Amino acid sequence: MDTQSQQDTKKTTGLGVVDFETWFNVLLQRLFPVWYCVRYVSEMTMESIGDINPKSFLSHRWLSVPSVCKAAADSLEHAGPNWTSCAQLLRKLPRSRTYKRYLSVRYLMAVESSTVDENYPSLIDYAEDHSKDVPNSSAEHFDQLVSAAFPDSNKHYPVCYREWDGRYYLKNEGEPKHLGALLMHCRERSRDINVKVEIDIDYIDQRVLEIIRSRYWLLLMKRDAAYQVAYLIRSAKIPCQLAEFEWRRSDLVFMVLKKSHYRTAQIVEAMVRKHFPHSVIEWGRYLSSHNYPFRNR
């Protein structure tokens with residue numbers, strides 16, 4: 001047999017092996033779809049999700065639970081009547097209430113807006129670069145900074161506190177240079193001051209969350225992996241729907257499954273056991289474990 005014939009034979013043999021493996025996998029998937037899906041999600045490689053709630057001196061760069069719930073609910077409402085109930089529950093999940101209180105300025109780690117585009121992890125980090133030219137060393141400077149950052153002593157300044165991460169931020173007007181300098185003075189001189197605030201408390205309705213957790217799995221993962229797993233789950237005749245996360249992380253989606261379908265538990269358990277929490281996050285568990293209630297004093 002000449003060299004060309006040998007090469008052709010090897011190629012044919014190799015293709016035959018590949019074709020047989022593909023055929024065999026398709027057969028297994030058709031005969032045992034749930035078993036095949038469990039094996040697949042246990043062995044597949046999933047990309048890490050990364051930090052879904054990064055630190056920043058700008059609050060709009062944080063995880064927004066209301067935005068997440070709205071995006072997912074919008075997706076599910078467009079998916080048909082089978083998912084309307086889940087969409088309605090998601091819309092009821094984020095809640096807010098308002099109090100007028102005194103608040104220590106040292107709790108403020110971020111602001112709502114700034115002309116600075118660098119992504120500093122906190123307001124203090126921002127201040128070290130952008131407030132260093134503002135005098136802040138003496139007691140007189142302290143009084144001046146308080147007057148500059150909070151000029152109206154009778155006003156309740158708008159602040160927000162988020163119970164899912166315990167973060168406060170000021171809904172500011174103008175550049176926060178003086179506030180940053182004030183925080184630097186408080187840190188370096190061990191000083192503090194309480195200011196009048198009207199504080200919006202953003203929180204999760206725990207009763208609604210428990211209903212969601214009792215009825216649905218909302219699994220957050222990378223989009224490409226979600227498409228692969230959703231295809232296999234649907235091939236097993238199990239209801240499965242993908243729902244959007246939020247616009248800041250368009251690379252992520254929710255995979256939504258009903259807990260009333262008994263076979264889904266095997267798949268979810270395999271997925272979470274192998275890939276949680278780096279590549280798969282169960283949204284209900286995440287919200288339940290990230291809860292820092294506001295102390296109403």
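Residues numbered from 1 in each chain as written. Predicted model: local features only at pLDDT ≥ 70, side-chain atom pairs only at ≥ 80, totals over all residues. Heavy atoms only, no water.

Student: Help me understand the overall build of the protein, please; the structure alone is not making it clear to me.
Tutor: The secondary structure content of the protein amounts to 11 helices and 9 strands. Out of the 297 residues belonging to the protein, those deemed buried represent 46%. Within the protein, counting contacts between residues at least 6 apart in sequence, those at least 24 apart form 81% of the total. Within the structure as shown, the protein displays about 15,900 Å² of accessible surface, and the carbon and sulfur contribution to it stands at 51%. (Helix = DSSP H or I, 4+ residues; strand = E, 2+ residues; numbered from the N terminus. Buried < 20%, exposed > 50% of the residue type's maximum accessible area, 1.4 Å probe, protein only. Contact = heavy atoms within 4.5 Å. Areas by Shrake-Rupley, 256 points an atom, 1.4 Å probe, with all protein chains shown as cover.)

Student: Where do I start with the sheet that holds strand β3 (residues 157–162) in this structure?
Tutor: Within a sheet, each strand pairs with its neighbour through backbone hydrogen bonds, oriented either parallel or antiparallel. Read from one edge of the open sheet, 5 strands run β1-β5-β3-β4-β2, paired in mixed fashion. Strands at the two margins of the open sheet, each flanked by one partner only, are β1 (94–104) and β2 (108–111). Pairs of neighbouring strands in the sheet enclose a mean axial angle of 30°, with direction left out of account. The pairing of β2 with strand β4 (residues 167–170) spans 2 bridges and is classified as parallel. Bridge pairing in β4 places Leu 108 opposite Tyr 168. (Pairing = 2+ DSSP bridges. Axes fitted to C-alpha atoms, helices over the stretch in contact; angles between N-to-C directions.)

Student: Is there a simple way to think about the packing of helix α6 (residues 139–149) against helix α7 (residues 177–189) in this case?
Tutor: Geometrically, a packed helix pair is captured by the angle between its two axes and the distance between the axes. Running from N to C, α6 and α7 cross one another at 145°; their axes reach a closest spacing of 9 Å. Where α6 crosses over α7, the handedness of that crossing is left-handed. For the pair α6 and α7, the contacting residues are Phe 142, Leu 145, Val 146, Ala 148 and Ala 149 in the first and His 178, Leu 179, Ala 181, Leu 182, His 185 and Cys 186 in the second. Along the lines of polarity and charge, the residues of the contact of α6 with α7 split into 9 nonpolar, 2 polar and no charged. (Left-handed = near helix turned anticlockwise from the far one by under 90°. Nonpolar A, V, L, I, M, F, W, Y, C, P; charged D, E, K, R; others polar.)

Student: It is not clear to me how the nonpolar core should be interpreted in this structure. Could you clarify?
Tutor: General note: in soluble globular proteins, nonpolar side chains tend to be found buried as a group. Core analysis: the biggest nonpolar cluster contains 33 residues, and Phe 150, Leu 179 and Leu 182 have the highest contact counts within it. Elements with a minimum of two residues in this core: β2, α5 (123–130), α6, β3, β4, α7 and β5 (194–204). No other element matches α7, which puts 6 residues into this core. In this view, Phe 150 contacts Val 105, Leu 108, Tyr 157, Leu 170, Leu 179, Leu 182 and Val 195; residues no more than four positions away in its chain are not counted. Membership of the second largest hydrophobic core comes to 32 residues, among which are Val 65, Trp 83, Ile 204 and Tyr 286. (Core = buried A, V, L, I, M, F, W, Y, C linked by side-chain atoms within 4.5 Å.)

Student: What am I meant to see in the side chain of Asn 53 here?
Tutor: Tracing the backbone shows Asn 53 in the loop between α2 (33–43) and α3 (65–77). There is a polar contact of 2.8 Å between the side chain of Asn 53 and the backbone nitrogen of Leu 63. (Polar contact = N/O pair within 3.5 Å; in protein donor to acceptor, adjacent residues only side chain to side chain.)

Student: Honestly, the packing of aromatic side chains in this entry has me stumped. Any pointers?
Tutor: The way to describe two aromatic rings as a pair is by their centre distance and the angle between their planes. In the structure shown here, the tally under the stated rule is 13 aromatic pairs. Seen in terms of ring centroids, Phe 245 and Trp 283 are 6.0 Å apart; in terms of plane orientation they differ by 90°. Their pairing is edge-to-face. Pair noted here: Phe 245 is in the loop between β7 (240–244) and β8 (252–258) and Trp 283 is in helix α11 (residues 283–289), with a separation of 38 residues, a long-range link. Owing to a relative accessible area of 1%, Phe 245 belongs among the buried residues under this scheme. The aromatic ring of Trp 62 is capped on one face by Arg 167, whose charged end is 5.0 Å from the ring centroid. (Phe/Tyr/Trp six-rings, centres within 6.5 Å; stacked < 30°, edge-to-face > 60°. Lys NZ or Arg CZ within 6 Å of the ring centre and 35° of its normal.)

Student: Any chance you could explain the packing of α3 against helix α4 (residues 84–92) here in plain terms?
Tutor: Contact geometry of α3 with α4 gives a least axis separation of 8 Å together with a crossing angle of 160°. Classified by the angle between their axes, α3 and α4 sit roughly antiparallel to one another. α3 and α4 meet at a crossing whose hand is left-handed. Residues Cys 69, Lys 70, Ala 72, Ala 73, Asp 74, Leu 76 and Glu 77 of α3 pack against Cys 86, Ala 87, Leu 90 and Arg 91 of α4. The residue makeup of the contact of α3 with α4, split by class, is 7 nonpolar, no polar and 4 charged. (Parallel < 35°, antiparallel > 145°, perpendicular 65-115°, else oblique.)

Student: How should the pattern of salt bridges be read in this particular structure?
Tutor: A side chain of one charge can pair with a side chain of the opposite charge when the charged atoms of the two come close. For the coordinates displayed, the defined rule picks out 18 salt bridges. A salt bridge links Arg 95 to Asp 205; the nearest nitrogen and oxygen atoms lie 2.8 Å apart. With Arg 95 in strand β1 and Asp 205 in the loop between β5 and α8 (206–215), this residue pair connects regions lying 110 residues apart in the sequence. Exposure remark for Asp 205: the relative accessible area of 12% places this residue in the buried category. In this structure, Arg 187 and Glu 128 form a salt bridge, with 3.0 Å as the shortest nitrogen-oxygen distance. You can see Arg 187 sitting in helix α7 and its partner Glu 128 sitting in helix α5, a full 59 residues away along the chain. One connected set of salt bridges, linked through shared partners, spans Glu 47, Lys 222, Arg 249 and Asp 251. (Salt bridge = Lys/Arg side-chain N within 4 Å of Asp/Glu carboxyl O.)

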